[in-house]
Amino acid sequence: MKYDRTMTISAYTVPEGGILMINVSERTWDHMDVIGDHAVAVDLDADRNVIGIEVLDQDQFDLDAVAAEYGIADLVPEIRAAIAVAKPGP
């Protein structure tokens with residue numbers, strides 16, 4: 001399945017707590033899946049398309065595994081690039 005995203009992938013950090021926010025789409029948020037003792041939350045739209053990833057514990061974040069599970073493996077290089085330049089925000 002080709003992922004139809006509507007924006008450039010971006011990432012920013014939330015200094016209080018060291019949270020990393022990754023934005024993948026501008027779609028409307030519907031629900032989230034929590035992974036690994038609350039280390040990662042994947043924000044999904046009503047069709048289960050990923051719209052964002054909230055990384056609460058970067059030491060336990062496996063981008064490749066999350067991307068494979070949610071069908072966005074083709075976006076990994078762009079997500080990695082966004083993480084590399086993430087600054088405090090939004």
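Before any of the text, the structure's been laid out above.
Scope of this entry: the structure provided in the associated data block.

The rules behind the values
Residues numbered from 1 in each chain as written. Predicted model: local features only at pLDDT ≥ 70, side-chain atom pairs only at ≥ 80, totals over all residues. Heavy atoms only, no water. Patch = residues over 30% accessible without salt bridge, like charges linked within 9 Å, V, L, I, M, F, W, Y side chains within 5 Å. Areas by Shrake-Rupley, 256 points an atom, 1.4 Å probe, with all protein chains shown as cover. Salt bridge = Lys/Arg side-chain N within 4 Å of Asp/Glu carboxyl O. Helix = DSSP H or I, 4+ residues; strand = E, 2+ residues; numbered from the N terminus. Buried < 20%, exposed > 50% of the residue type's maximum accessible area, 1.4 Å probe, protein only. Lys, Arg positive; Asp, Glu negative; His and termini not counted. Polar contact = N/O pair within 3.5 Å; in protein donor to acceptor, adjacent residues only side chain to side chain. Contact = heavy atoms within 4.5 Å. Arc of directions from axis to C-beta.

### Here we look at a nonpolar patch on the surface
A cluster of nonpolar residues, Trp29, Met32 and Val34, forms a patch on the protein surface that exposes about 290 Å² of accessible area. Looking at the secondary structure, you find valine 34 in strand β3 (residues 31-35).

### Some thoughts on the side chain of aspartate 43
Structurally, the position occupied by aspartate 43 is in strand β4 (residues 40-44). No salt bridge is formed by the buried aspartate 43; its nearest oppositely charged neighbour, arginine 48, is found at 11 Å. Within polar-contact distance, the side chain of aspartate 43 engages the side chain of tryptophan 29 at 3.2 Å. When neighbours within four sequence positions are excluded, aspartate 43 is seen to be in contact with Trp29, His31, Met32, Asn49, Val50, Ile51, Gly52 and Glu54.

### Focus: helix α2 (residues 76-84)
Since the α-helix advances by 3.6 residues per turn, residues separated by three or four positions end up pointing in the same direction. For α2, the complete set of buried residues consists of Val76, Ile79 and Ala82. Down the axis of α2, the buried set is contained in an arc of 125°. They therefore lie on one face. Projecting away from the buried face of α2 at angles above 90 degrees are the exposed residues Pro77 and Ala84. Each element contacted by the buried residues of α2 is listed here: β1 (10-14), β2 (19-23) and α1 (63-69).

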